[in-house]
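What follows is the residue order along each chain.
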Amino acid sequence: MFRSFFLSKEWAVWAWGGMAIIFGGTWYQVQLDVRINEWFGGFYDVVQKALGEPGSVTMPEFYGFLLTFGKIAGIYIVVAVFLGFFTKHWTFRWRHAMNDFYTSHWDSLRHIEGASQRVQEDTRRFANIMESLGSRLLDSLMTLVAFLPILWGLSKQVTEIPIFGEVQHALVYVAIIFALFGTAVLAVVGIKLPGLEFNNQKVEAAYRKELVYGEDHEDRATPPTVKELFLNVRRNYFRLFFHYMYFDVAKWSYLQFGVLVPYMALAPTIVSGAITLGVMQQIVRAFGRVESSFQFLVHSWTIIVELMSVYKRLRAFEATIYDEPDPDRWEVADDTVK
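The rules behind each value
The residue count restarts for each chain, going from 1 along the sequence in the order it is written. Side-chain atom pairs in this predicted model are given and counted only at pLDDT of 80 or more, local residue features only at pLDDT of at least 70, and totals for whole chains, interfaces and linings cover all residues. Only hydrogens and water are set aside; all other atoms, that is, all heavy atoms of the structure, feed into the side-chain values. Here is the rule: rings of Phe, Tyr and Trp (six-membered ring for Trp) pair when centre to centre is within 6.5 Å. Planes less than 30 degrees apart are stacked, more than 60 are edge-to-face, and the remainder are tilted. The rule for a charge over a ring is simple: NZ of Lys or CZ of Arg within 6 Å of the ring centre, and within 35 degrees of the ring normal. Think of it this way: any DSSP run of H or I at least four residues long counts as a helix, any run of E at least two long counts as a strand, and we number them from the N terminus. What makes two residues a contact is simply this: any of their non-hydrogen atoms within 4.5 Å. UniProt positions are given in the numbering used here, feature names are shortened, and annotations may be inferred rather than shown by experiment. Each reported salt bridge corresponds to a side-chain nitrogen of Lys or Arg within 4 Å of a carboxyl oxygen of Asp or Glu. Using a 1.4 Å probe on the protein chains alone, a residue whose accessible area is under 20% of its type maximum counts as buried, one over 50% counts as exposed, and one in between counts as partly exposed. Where each domain starts and ends follows an automatic or database-derived domain assignment. Reported buried area values correspond to the accessible surface (1.4 Å probe) lost by two parts on association, with both partners' losses combined. Amino acids outside the nonpolar list (Ala, Val, Leu, Ile, Met, Phe, Trp, Tyr, Cys, Pro) and the charged list (Asp, Glu, Lys, Arg) are all regarded as polar, and Gly is one of them.

**With respect to the packing of aromatic side chains**
Enumeration according to the criterion identifies 31 aromatic pairs in this entry. Members of the aromatic cluster, joined through ring pairs, are Phe 2, Phe 5, Phe 6, Trp 11, Trp 16, Trp 90, Trp 94 and Phe 126. Between Lys 251 and the ring centre of Trp 252, over which it is positioned, the NZ or CZ distance is 5.1 Å.

Spelled out as structure tokens, the structure:
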């Protein structure tokens, strides 16, 4: 999965050069986001001034702020579109490298249950998931590096938070604690999901294999056999739906409550009028960026579960190539899945 792309001379330029471009583009996007956050502070201060003192802000000044945002947003759009386009090509090259590697060992892999699906489907899913997850992680880390010092500085103006009273740089601690709490809760709640996703791939592959045999052999894919195999698929999906249901309850409850957290922490400061509307907006946006960065696992748990399933399937695949024992490997012997 990794050596075929990152340790290959053929793909070295794409693998490492592409990563450098993605890294640089993501960093530049984060810097633009920082500039937008600063713009919000100045803009809302102007709005507060205009509403509080009619005539104190001229139309050119107001439109000047909007034009500044337009320039920053325009650059952001260009960078985002280019980065998305390039990343898609980079991801396909990774899939290409895996495809070439697995097909070069096809003679030793063709007997494995679902071998064709693993080469065609799982390599595509793995590359796409790694691209999506990697981009999120990179963005989270860079956002954290950029916005944590900003939130740390802005927190100096917040001298008191509910329950705990006066705490220096309180908002940074609130963001960290709330994110870690959510990550721990969802990790516990979703502990069964990876195994169920992996089992789902097993029963789907067994069902699909029987249908494929039925295309060429009249004695295969008979109604009783197909019905039994599909009942296995149905049973596993229903279990998966049930476990995802209470996981989603926990996830969405946590995320929706999180919208109120910065305002709750700022309540004493807002009520006392210690900050302006612009500063409040800067704090709330910076808090959101820092909190979201710490919540990487919260936002990505579902896709991580899918990645674990695909990884286990491909890892069992590679175990055959390297003649390694793998407890999750299941092969075809006498036309029976075991």
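**Let's talk about the environment of Asn 236**
The topology assignment puts Asn 236 in helix H8 (residues 223–258). Taking the C-alpha atoms as reference points, Asn 236 and Gln 201, 35 residues apart in sequence, are found 9.8 Å from one another. Residues in contact with Asn 236, not counting those within four places in the same chain, are Leu 196, Asn 199, Asn 200 and Val 203.

**A look at the UniProt feature "transmembrane region" (unreviewed entry) in the protein**
UniProt tags residues 12–30, 62–86, 133–152, 172–193 and 260–280 as "transmembrane region" (unreviewed entry). Secondary structure across residues 12–30 comprises 100% helix and 0% strand; the distance between its end C-alpha atoms is 27 Å. Annotated as residues 260–280, this span is 71% helix and 0% strand, and its ends, taken at the C-alpha atoms, are 14 Å apart.

**Observations concerning the pattern of salt bridges**
The final tally for this structure, using the stated rule, is two salt bridges. In this structure, Arg 285 engages Asp 33 in a salt bridge whose closest nitrogen and oxygen atoms are separated by 3.8 Å. Of this pair, Arg 285 sits in helix H10 (residues 277–294) while Asp 33 sits in helix H2 (residues 12–52); the two residues are 252 residues apart in sequence, bridging distant segments of the chain. Comparing Arg 285 with Asp 33, the two get one shared label, buried. One salt bridge connects Asp 33 with Arg 289, and the closest N-O pair in it is separated by 2.6 Å. Taken together, the residues span a long stretch of sequence, with Asp 33 in helix H2 and Arg 289 in helix H10 at a distance of 256 residues.

**What to know about the domain arrangement of the protein**
Looking at the protein, the domain boundaries give domain 1 (1–157 + 299–326) and domain 2 (164–274). Computed from C-alpha atoms alone, the centre-to-centre distance between domain 1 and domain 2 is 21 Å. Of the residues lining the interface, 17 residues belong to domain 1; the matching set on domain 2 comes to 22 residues. When domain 1 packs against domain 2, the two sides together hide about 1900 Å² of surface, and 65% of this comes from carbon and sulfur. On the surface where domain 1 and domain 2 come into contact, there are zero salt bridges. Of all the secondary structure elements, the ones that give two or more residues to the side of domain 1 that touches domain 2 are helix H5 (115–154) and helix H11 (296–321). The leading source of residues in the side of domain 1 that touches domain 2 is H11, at eight residues. Here the residues of the side of domain 1 that touches domain 2 are counted per class, giving six nonpolar, six polar and five charged.

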